[in-house]
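An overview of the molecular structure
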Amino acid sequence: MMSQRMRNALVDTMLVGTVVLLLVFFYAPIATLVAFSFTSSRVLTLPIEGFSLQWYGELFDKPDFWPAVRNSAAVATVSTIFATVLGTAGAVAWIRYRFRLQGTFRALTFAPLLFPQLLLGVVMLLWFSVLGSWLGFSTGLATVIVGHVVYITPFALVVVAVQVYGFDETLEDAARDAGASGWEVFREVTFPLLWPGIFSAAIFSFLLSWGNFYVSYSLAGTARTLPIFVYSGIAVGSSPIYPALATVNLVPALLLVIIAEVLRRRALKRQASGISES
Amino acid sequence: MRIEHKSWNDPVLVATVAPLALAMVAFFLIPLLMTAVLTFQTTQYYRLVWTWDLKIWTEVFSKPHYWTIMMRTVTMALVCVVLTVLIAFPAAYALATRLKTFKTQIQILIIFAFLTDAVLKTFGWILILDKNGVANWLLMHVGFPPEMLNLLFTPAGTMIGMVYNLVAYPMFTIYLSLVRIDRDLILAAYDAGASRIRTFFEVTLPLSRPGLYSGAVLVFVLSLGAFLEPKVLGGGTSPLASELIRQSFETRVNWPLGAALTVVLIAIGALMLAACAAFALRRTSSTGRPA
């Protein structure tokens, strides 16, 4: 009896240990980057001799850093809007509707998820190059946005689909019974209920686009986004400005994740209180 | 969940489905077909010539160099599948069955790491794996000989990067299939006198197969396109298929060749997908679904 309990305890400890180890694995490179961003030395080896913020200054003074930030922000904003709207519509069509050719629609909207990003980029690059030579345009930020939308929309779709799946449609019926029009039902009931999923999808899309390298690298032409800036920089030689950049990069992502979590909790609380009231 | 049957005459259906479907056709399906068409064209003086020619395909099939790299890519992808699943399963299982208190926090931490810029994370691994890097420094300070690990610019370095960037995918799929398992089935097994270990192997593991299979396939197809890891962590010493494709576009400016190699890689991924789907289907139909 005792040995059985000890064996169970051992299994529990090992399982929890795996998760802890996995988190260490996930955060090892991120923590390393943050630590090295404050070094006072040019070489990126331990031990870190002194504390300094000089690499942040050097990063901000780099002439091609700010254009890359602007490009990344523009691409991520526009891609997020498209991916979230298309993904939400797609999720509703995936889960709630049944229609002819739905199988085809599902395959078509899910397939990009099964493509390595580089191949997705290459395939679109070929198409845009051929199209560009016919119509007289070349690849740039616009093609990057198209690429990001194709790549990111399936992710947004999956995130919203989870929310649509757990959707309680009796609330819509109640609103309709109370005399609300189709649009009012959507605005007052459907959208607020789907909002947490849509919001998570938007954050997910923004961060995926912001950090995307492969698709941008294939489709950017001469334009540069932040990950391309880093890639071409570390190809030349490592410098403490990249750890500094990584640390700066974490701040907006962290803010977005915290906002999402707060909103999600508030929505959960509202749902719970709504249920207990009714 | 109520299902609504919709006809294509319904403007609501058209408005929901058409924009996304058209975008995917125009920027995903047509580009794919275009890639296939391009493999039958040729180049002259770095310019595309529109013909119908099998020249590129004869070149692809007659050069063993390409196939060595393709084989290496497939081998790396298979090793990556095994490693990621071995790491992801226990972690997903722990997340689904233990750790109730910190579950959300851990999930957010994992998603946050997953969404952080891959180029920067890969650069972080350089700093860890370098001969004078963090890993060797730590090992030296706990008593191991200096410069013990020499992983940067080796296939092992590439593999660490690939596992790192892909392990989140099977974690998600396996976790999802584990939380969907009906708790009553497990309790029934306990009631029937099965031990925890026996229950795990005879109930939990078989029921988590959809997540296992889909995670494994996802890692396989995504690792076929690994580019950053072999380039940055492998140092380009043993290039994978993606590097070959990039070279044929950038260095050789040979689009048909790049297109053909892309088609080969997509075909390998599709074959694997089909094989796995057939296997999964046979497994579920022969064992039957638990009533």
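Here we summarise the structure given alongside this text.

Cut-offs applied
Residues numbered from 1 in each chain as written. Chains lettered and ligands numbered in written order. Predicted model: local features only at pLDDT ≥ 70, side-chain atom pairs only at ≥ 80, totals over all residues. Heavy atoms only, no water. Phe/Tyr/Trp six-rings, centres within 6.5 Å; stacked < 30°, edge-to-face > 60°. Helix = DSSP H or I, 4+ residues; strand = E, 2+ residues; numbered from the N terminus. Buried < 20%, exposed > 50% of the residue type's maximum accessible area, 1.4 Å probe, protein only. Lys NZ or Arg CZ within 6 Å of the ring centre and 35° of its normal. Core = buried A, V, L, I, M, F, W, Y, C linked by side-chain atoms within 4.5 Å. Contact = heavy atoms within 4.5 Å. Salt bridge = Lys/Arg side-chain N within 4 Å of Asp/Glu carboxyl O. Axes fitted to C-alpha atoms, helices over the stretch in contact; angles between N-to-C directions. Left-handed = near helix turned anticlockwise from the far one by under 90°. Buried area = accessible area lost by both parts, 1.4 Å probe. Polar contact = N/O pair within 3.5 Å; in protein donor to acceptor, adjacent residues only side chain to side chain. Pairing = 2+ DSSP bridges.

1. Observations regarding the packing of aromatic side chains
Taken as a whole, this structure holds 42 aromatic pairs over all chains when the rule is applied. Pairing Phe-114 of chain B with Tyr-169 of chain B gives two aromatic rings, centres 5.3 Å apart and planes at 85 degrees, and the pair type is edge-to-face. With Phe-114 of chain B in helix α4 (residues 103-115) and Tyr-169 of chain B in helix α8 (residues 168-179), this pair connects stretches of sequence that are 55 residues apart. Judged by its relative accessible area of 12%, Tyr-169 of chain B falls in the buried class. Ring geometry for Trp-125 of chain B and Tyr-164 of chain B: centres 5.4 Å apart, planes at 75 degrees, overall edge-to-face. Of this pair, Trp-125 of chain B sits in helix α5 (residues 118-129) while Tyr-164 of chain B sits in helix α7 (residues 155-166), and the two are 39 residues apart along the sequence. Aromatic ring contacts, followed pair by pair, group Phe-60, Phe-65, Trp-66, Phe-229 and Tyr-242 of chain A together with Phe-123 of chain B into a single cluster. A cation over an aromatic ring shows up here: Lys-6 of chain B above the ring of Tyr-97 of chain A, its NZ or CZ 4.8 Å from the ring centre.

2. Some remarks on the nonpolar core
Among the nonpolar cores identified, the biggest contains 176 residues, and Phe-26 and Phe-229 of chain A are the most heavily contacted of them. Examining the composition of this core, we find that 17 residues originate from one element, helix α3 (residues 64-97) of chain B, more than from any other. Beyond its immediate sequence surroundings of up to four residues, Phe-26 of chain A is in contact with Ile-110, Ala-113, Tyr-164, Val-167 and Ala-168 of chain B.

3. Focus: the pattern of salt bridges
All names here are of chain B. Applying the stated criterion across every chain, the model contains 13 salt bridges over all chains. Note that Asp-10 is salt-bridged to Lys-6, the shortest N-O span being 3.4 Å. Of the residues examined, Asp-10 reaches a relative accessible area of 23% and is grouped as partly exposed. Here Lys-6 falls in the buried class, since its relative accessible area comes to 16%. One salt bridge connects Glu-202 with Arg-198, and the closest N-O pair in it is separated by 3.1 Å. Of this pair, Glu-202 and Arg-198 both sit in helix α10 (residues 196-207), four residues apart, which is roughly one turn of the helix. Residue class for Glu-202 comes out exposed when judged on its relative accessible area of 51%. When its relative accessible area of 49% is taken as the criterion, Arg-198 is described as partly exposed.

4. Here we look at the side chain of Asn-249 of chain A
Within the element layout of this structure, Asn-249 of chain A appears in helix α11 (residues 241-277). Given a relative accessible area of 10%, Asn-249 of chain A falls into the buried group. Residues in contact with Asn-249 of chain A, not counting those within four places in the same chain, are Trp-210 of chain A together with Asp-117 and Leu-120 of chain B.

5. Some words on the packing of helix α3 (residues 65-95) of chain A against helix α8 (residues 182-210) of chain A
Residue and element names in this part refer to chain A. Viewed as axis vectors pointing N to C, α3 and α8 meet at an angle of 145 degrees, and their least axial separation amounts to 8 Å. Judged by the sense of rotation from one axis to the other, the crossing of α3 with α8 is right-handed. Between α3, through Val-69, Ser-72, Ala-73, Val-75, Ala-76, Thr-77, Ser-79, Thr-80, Ala-83, Thr-84 and Thr-88, and α8, the contact on the second element is made entirely by Ile-198, Ala-202, Ser-205, Phe-206, Ser-209 and Trp-210.

6. Some details on the interface of chain B and chain A
Counting residues at the interface gives 88 residues for chain B, matched by 89 residues for chain A. With both chains or domains summed, chain B and chain A bury close to 8200 Å², and 80% of this area falls on carbon and sulfur atoms. At the boundary of chain B with chain A, the tally comes to two salt bridges. The salt bridge partner of Arg-96 of chain A is Glu-4 of chain B, with a shortest N-O separation of 3.4 Å. Taken together, chain B and chain A are joined by eleven residue pairs in polar contact (both at pLDDT 80 or more). The leading source of residues in the side of chain B that touches chain A is helix α1 (residues 11-38) of chain B, at 19 residues. As defined by bridge partners, strand β1 (residues 97-98) of chain A adjoins strand β1 (residues 4-5) of chain B across two bridges and the pair is classed as parallel. Considered in β1 of chain B, the bridge of Tyr-97 of chain A is made with Glu-4 of chain B.

Shape descriptors only; they carry no functional weight alone.
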